[in-house]
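# Close look at the chain arrangement
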Amino acid sequence: MPLAFDSISHGTIAFGFFNIDSDMLLLEHYFFFAPEFCEYISKIAERDGKDDYGTLWKVYYIKNEEDIGDLMSAIHGVRYTGFIGELYRRFPFPKRPEDFKQKPEGFKNRVVVEEVIGEYADIRHIPFIFVQRAQEVGIGAYRFTRTSFQELIKYVWRGGYPRWKDEVRPDYVLTMKSKIVRNRNGLFEGIVL
């Protein structure tokens, strides 16, 4: 379930997993897969962390809210609109509350998720920047303090809300943590996973 996070540029924004059978994340109108997010973070952690850094991230961009869909209606099975609705039509919310856990094998459904999002989204390459002096991170149009950005990383580490099923994390998440632990400079200074 996406949660609310603080940004410098847009106030409170939504970030997170939105379907337990998928490993896709959303950041407002941007959608990307968790393995790529973790790989991007891992590459940053391989640097010394003391200099500014910039790269491009590949994302799916859905401009219109209607095309994104209504998450709460899809979860409750009352209305399936847009991308999120179509995904929930294929991968419904579990009937038993105890089954509401982020599945570490969500990558197995990637082909289906890519097929569905392809009907609603454009692929874009957005800038990711870290400015050392300001201790700020930019992901496309969104800007975060270092601390707020670390909250996004910790969310993925936990498996969001409701957490990883059986506390089992996918390899890409474990690799990300390993690289961060080896380099707690700059962007990762003070982070606790």
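The coordinates are above.
Below: a short report on this structure. (Residues numbered from 1 in each chain as written. Predicted model: local features only at pLDDT ≥ 70, side-chain atom pairs only at ≥ 80, totals over all residues. Heavy atoms only, no water.)

### Observations concerning the sheet that holds strand β7 (residues 136-139)
Just so we agree on the cut-off: Note: two strands are recorded as paired if DSSP finds a minimum of 2 bridges between them. Helix and strand assignments come from DSSP, with helices taken as H or I runs of at least 4 residues and strands as E runs of at least 2, each series counted from the N terminus. Orientation is described by axes fitted as lines to C-alpha atoms, over the contacting stretch for helices, and by angles from 0 to 180 degrees between their N-to-C directions. Contact criterion: two residues are considered in contact whenever any of their non-hydrogen atoms come within 4.5 Å of each other.
The 8 strands are arranged β1-β2-β3-β4-β5-β6-β7-β8 in an open sheet whose pairing can be described as antiparallel. The open sheet is flanked by β1 (3-7) and β8 (142-145), the only strands paired with a single partner. Looking at each pair of strands side by side, their axes are set apart by 30° on average, direction ignored. Two elements, strand β3 (residues 24-27) and strand β4 (residues 30-33), share 4 bridges in a ladder whose sense is antiparallel. By the bridge assignment, Leu25 is partnered in β4 with Phe32. Running over the sheet, helix α6 (residues 146-158) touches β1, β2 (11-17), β3, β6 (122-131), β7 and β8 and is turned about 95° from β8.

### Thoughts on the pairing of strand β5 (residues 53-61)
Two elements, β4 and β5, share 2 bridges in a ladder whose sense is antiparallel. Bridge pairing links Tyr30 to Tyr61 in β5. Bridging between β5 and β6 involves 9 bridges; their strand directions are antiparallel. Its bridge partner lying in β6, Leu56 is registered against Pro127.

### Things to note about the nonpolar core
To be explicit about the condition: Nonpolar cores were defined as sets of buried Ala, Val, Leu, Ile, Met, Phe, Trp, Tyr and Cys residues, with membership established by side-chain atoms within 4.5 Å. For every residue, the accessible area (1.4 Å probe, protein chains only) is compared with the maximum for its type, and the residue is labelled buried under 20%, exposed over 50%, or partly exposed between those bounds.
Grouped together as the largest cluster of nonpolar side chains are 40 residues, with contacts concentrated most on Phe15, Phe37, Ile41, Phe128, Ile139 and Phe149. Per element, the largest residue contribution to this core is 7 residues, and it comes from helix α1 (residues 34-45). Other than its neighbours up to four places away in sequence, Phe37 contacts Phe15, Leu25, Phe32, Trp57, Ile153 and Val156. Counting residues in each nonpolar core, the second largest holds 20 residues, with Phe18, Leu26, Ile68 and Ala121 among its members.

### Thoughts on the pattern of salt bridges
Any two side chains of opposite charge can pair if their charged atoms end up close together. We apply this condition: Salt-bridge detection follows one rule: a side-chain nitrogen of Lys or Arg within 4 Å of a carboxyl oxygen of Asp or Glu.
Overall, the coordinates contain 14 salt bridges when judged by the stated rule. Of the charged contacts, one joins Glu151 and Lys154 as a salt bridge, the two residues approaching to 2.9 Å between their closest N and O atoms. With Glu151 and Lys154 both in helix α6 and 3 residues apart, this pair spans about one turn of that helix. The exposure class assigned to Lys154 is buried, which follows from its relative accessible area of 19%. A cluster of three or more residues bridged by salt bridges with shared partners is formed by Glu86, Arg89, Arg90 and Glu115.

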